[in-house]
Amino acid sequence: MISLLLAGGGGTRLWPFSTEKNPKQFQDLLSPGISMLTQTLHRLQKASTFRNIYIATAEKYGEQVINTTTIKNDNLILEPCRRNNAAAIALALLRIWEQTNEEEIIGVFPAEDRKSVV
């Protein structure tokens, strides 16, 4: 199974706590010291091998994802501009297909969803 985490949100709905510079997926709202992105990544590691976990995020958050997780560059999908979840998922599916060229089940999970338990 391939897991895709969506982590491209701009932090507008939780303003002022979550900001464009540091949106909610990088916040530690539920566990002090551990971002919601990292928490979801840890849960997904129970169901997917690490090489089968991808993160889709806005280009401007790419470095922050690399610096705050153990995700590799090959598993990071950068969105050139934010559109919505459907566009992010479509781009990610295309990139995953280009890399793997395999038919796989792909689960899509929001990075800030505390209930993404597999």
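Thresholds, definitions, all that
- Residues numbered from 1 in each chain as written.
- Predicted model: local features only at pLDDT ≥ 70, side-chain atom pairs only at ≥ 80, totals over all residues.
- Heavy atoms only, no water.
- Pairing = 2+ DSSP bridges.
- Helix = DSSP H or I, 4+ residues; strand = E, 2+ residues; numbered from the N terminus.
- Axes fitted to C-alpha atoms, helices over the stretch in contact; angles between N-to-C directions.
- Core = buried A, V, L, I, M, F, W, Y, C linked by side-chain atoms within 4.5 Å.
- Buried < 20%, exposed > 50% of the residue type's maximum accessible area, 1.4 Å probe, protein only.
- Contact = heavy atoms within 4.5 Å.
- Salt bridge = Lys/Arg side-chain N within 4 Å of Asp/Glu carboxyl O.
- Polar contact = N/O pair within 3.5 Å; in protein donor to acceptor, adjacent residues only side chain to side chain.

Here we come to the sheet that holds strand β2 (residues 53–58). Taken in spatial order, the four strands line up as β3-β2-β1-β4 in an open sheet, and their pairing is parallel. What marks the edges here is a single partner per strand, and that holds for β3 (76–79) and β4 (106–110). Neighbour to neighbour, the strand axes of the sheet diverge by 20 degrees on average, direction disregarded. When β2 meets β3, the two strands line up parallel, connected through four bridges.

Further remarks concern the nonpolar core. The tendency in soluble globular proteins is for nonpolar side chains to be buried as a group. The biggest cluster of nonpolar side chains holds 15 residues, and the ones touching the most others in it are Leu5, Leu37, Ile53, Ile55 and Val65. Listed by contribution, the elements that provide at least two residues to this core are α1 (36–44) and β2. Excluding its chain neighbours within four sequence positions, the residues that come into contact with leucine 5 are Leu37, Thr40, Leu41, Leu44, Ile53, Tyr54, Ile55, Ala56, Phe109 and Ala111. Within the second largest apolar cluster, 10 residues are counted, among which are Leu4, Leu6, Ala56 and Leu91.

Below, the discussion takes up the pattern of salt bridges. In this structure the tally under the stated criterion is two salt bridges. Across the pair lysine 60 and glutamate 20 runs a salt bridge whose closest N-O atoms are separated by 2.3 Å. Of the two residues, lysine 60 sits in the loop between β2 and α2 (62–68) while glutamate 20 sits in the loop between β1 (2–6) and α1, which places them 40 residues apart along the sequence. Classification of glutamate 20 as partly exposed rests on a relative accessible area of 35%.

Attention now moves to the side chain of serine 35. Secondary-structure assignment places serine 35 in the loop between β1 and α1. According to the relative accessible area criterion, serine 35 is buried, its value standing at 10%. Of note is the side chain of serine 35, whose polar atom sits 3.0 Å from the side chain of threonine 38. Discounting residues that sit within four places of it in the chain, serine 35 has contacts with Gln25, Phe26, Gln27 and Asp28.

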